[in-house]
Structures are given as C-alpha cells and as structure tokens.
Amino acid sequence: MNREVIKYKFNRNHIKIYTVHNPEKWTISQWGCPRYDINTSYHRSNYVNDVWYNTTRKNKNNYIEERCISKLGFYYTKRTYINNNSSNSKIDESSYRTINTISFRDSSGDIHIFSFYSRYGENSASRTEDGLRPWEICEKDNNMPDHMLTALWKDANDFFAEMEVYDKNVYFTTGYIGSSTKKDHDLYSVKKEVFEYLFGSIKGIRFQTDMEKIISHGFDPKYSFRKDKEKK
C-alpha cells in the first residue's frame, strides 16, 4: 500500500489547506467525512491534569510527596494525587488552543482538510470585520502580506466549491471524535462562519487604503509628514 502523503495548498501563520493522498485508516476515521470540528484544549497550573479532547490524564506534576510518621514512630514518604478539581489549581489562560477544522473525502479517496486557530492563549479571532483575524493571534507569526491574503481567499473558495460537490450537509463536532455528532450544519453556514473568522465577512477581505493604514499606525495624515521650515 502506498504511504500517506500530504500536499499543502496554503500553509502560513497556522492556517492550513491541504490534501492527504493515500490516507491511512486513522486519518479516514478521523477526517473522512464532511465535518466541521471545533476543538479546545488547555491545561491547568499547579497540581493538575492536562486537558485535551475533553479528557484528562495523570502526570507526575499531579502528585505531591508528604513526609509522614507511622504509629510506630517510623518516617515514610506518601505520594498523594491532587485531583483536577482541586482548589489549588486554575486554568492557565495562555495555554488555551481552539482549532477549527473542516474536512471531506473526494471520490478518489483523498481527504481535504482546512484548519486554523480561532483562539490561541488569551487572543481570540473575531467574526466581525474590526476584530482579530486567525493569522494575527498566534505568537511568533509574521504579518500576512496582501498577496498571501489574496491567495488564501482563492484557496478557501476553491476548497468549499469542491466540498459542495460531495455533500451540502456537514457533521458538526466538538471535542474528541467519540463525542456526540450532529449533522445539523449546512455547508453554507459553515463557510459563512469560517469566512467571518478569516476575513470578517463572507464577501472576503477588505484591504485597507493607504490612508487607513497610516491612521491605523497612529499617524496623523495632516501633520505627521509635514516638514516645517524654520526661519533662521
């Protein structure tokens, strides 16, 4: 059997549109149907469990060691597990990650996937034009130049146009794949939500004029670039 191969159409600032050729069984079971998945993960500070896909797992940081004395006067060390709901713990806001993923499988068996972050730490993408976009919320990401946004707009439209050929209804899921699924999202509503996150509108990105860019950087277009001539 041929090995699984991933080919990217778009991959910048944690926004990815790609095709999985010769998908493995796990990939098919996870993403092989028309699906819109919104998954949030985080971990807690102090003595707590990591949380992923709405499940918990124990790790060494969830234990404390206490020195105790027995009835016979012997000292011993007791290892105590700290429950996830302990008052000593709280959610680490900087660890929040919400990933939105859309997928479908075409007639050749290839799987197409479109994913982006809608929350990264304390930064959340907005569905309104004046909010943060997904390419702006992840740390250490560079600016997205206009030509890349134009490419993203085209690739996103191509993705949904091809998806529409196979199914106009989409399974909506949150959390782990074993959680409940509902086929209650039509494809247009999914596209609308995704485009609102990415561009602020289903109509696409509205590029700023040169004057708007000047103002957004804190310059006064009337006075900032005037060279005053001083009389000696």
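Scroll up a little and you will see the structure.
Calculation rules
Residues numbered from 1 in each chain as written. Predicted model: local features only at pLDDT ≥ 70, side-chain atom pairs only at ≥ 80, totals over all residues. Heavy atoms only, no water. Salt bridge = Lys/Arg side-chain N within 4 Å of Asp/Glu carboxyl O. Buried < 20%, exposed > 50% of the residue type's maximum accessible area, 1.4 Å probe, protein only. Helix = DSSP H or I, 4+ residues; strand = E, 2+ residues; numbered from the N terminus. Contact = heavy atoms within 4.5 Å. Phe/Tyr/Trp six-rings, centres within 6.5 Å; stacked < 30°, edge-to-face > 60°. Lys NZ or Arg CZ within 6 Å of the ring centre and 35° of its normal. Axes fitted to C-alpha atoms, helices over the stretch in contact; angles between N-to-C directions. Parallel < 35°, antiparallel > 145°, perpendicular 65-115°, else oblique. Nonpolar A, V, L, I, M, F, W, Y, C, P; charged D, E, K, R; others polar. Pairing = 2+ DSSP bridges.

### A short note on the pattern of salt bridges
Part 1: Inspection of every chain in the model, using the stated rule, returns 7 salt bridges.
Part 2: Where Asp37 meets Arg35, a salt bridge forms, and the shortest distance between an N and an O atom there is 3.1 Å. The same class applies to Asp37 and to Arg35, which are both buried.
Part 3: The residue Lys154 makes a salt bridge to Asp158 at a minimum N-O spacing of 2.8 Å.

### Structural notes on the environment of Lys168
Part 1: Secondary-structure assignment places Lys168 in the loop between helix H2 (146-166) and strand E12 (169-174).
Part 2: On the basis of relative accessibility, which here comes to 53%, the residue Lys168 falls in the exposed class.
Part 3: Lys168 sits 17 residues away from His185 along the chain, and the two C-alpha atoms are 8.7 Å apart.
Part 4: The residues touching Lys168, leaving out its near neighbours within four places in the chain, are His185, Asp186 and Leu187.

### Digging into the packing of aromatic side chains
Think of a pair of aromatic rings as described by two things: how far the centres are apart, and how the planes are tilted against each other in angle.
Part 1: Within the structure shown, the criterion is met by 15 aromatic pairs.
Part 2: Through successive ring pairs, a cluster of aromatic residues spans Phe104, Phe114, Phe116, Trp153, Phe159, Phe160, Tyr166, Phe195, Tyr197 and Phe199.
Part 3: The ring of Tyr120 has Arg97 lying over it, and the distance from NZ or CZ to the ring centre is 3.7 Å.
Part 4: The cationic tip of Arg119 hangs over the ring face of Tyr96; the distance from NZ or CZ to the ring centre is 3.8 Å.

### Description of unusual backbone geometry
Part 1: The backbone phi angle of Asn13 is positive, close to 50°, even though this residue is not glycine.
Part 2: As for its placement among the helices and strands, Asn13 is situated in the loop between strand E1 (5-12) and strand E2 (15-21).
Part 3: Since its relative accessible area comes to 8%, Asn13 is described here as buried.
Part 4: Even without glycine at this site, Lys140 takes up a positive phi of about 70°.
Part 5: The residue Lys140 is located in the loop between strand E11 (123-124) and H2 in this model.

### As for the packing of H2 against helix H3 (residues 187-199)
Part 1: Between H2 and H3, the least distance of the axes is 11 Å, while the angle of their chain directions is 170°. Considering their axes alone, H2 and H3 lie roughly antiparallel with respect to each other. Taken together, the residues of H3 that come into contact with H2 (itself represented by Leu149, Leu152, Trp153, Ala156, Asn157, Phe160, Met163 and Glu164) are Leu187, Val190, Lys191, Val194, Phe195, Leu198 and Phe199.
Part 2: Classifying every residue of the contact of H2 with H3 gives 12 nonpolar, 1 polar and 2 charged.

### As for the pairing of E2
Part 1: Of all 7 residues making up E2, 5 are buried, and the element is well covered by its neighbours.
Part 2: Here E1 folds back onto E2, and the loop between the two strands holds 2 residues, one of which, Asn13, carries a positive phi near 50°.
Part 3: In this sheet, strand E10 (residues 111-120) lies alongside E2 in antiparallel orientation, the contact comprising 5 bridges. Bridge pairing in E10 places Ile17 opposite Phe114.

Nothing here speaks to function; it is geometry throughout.
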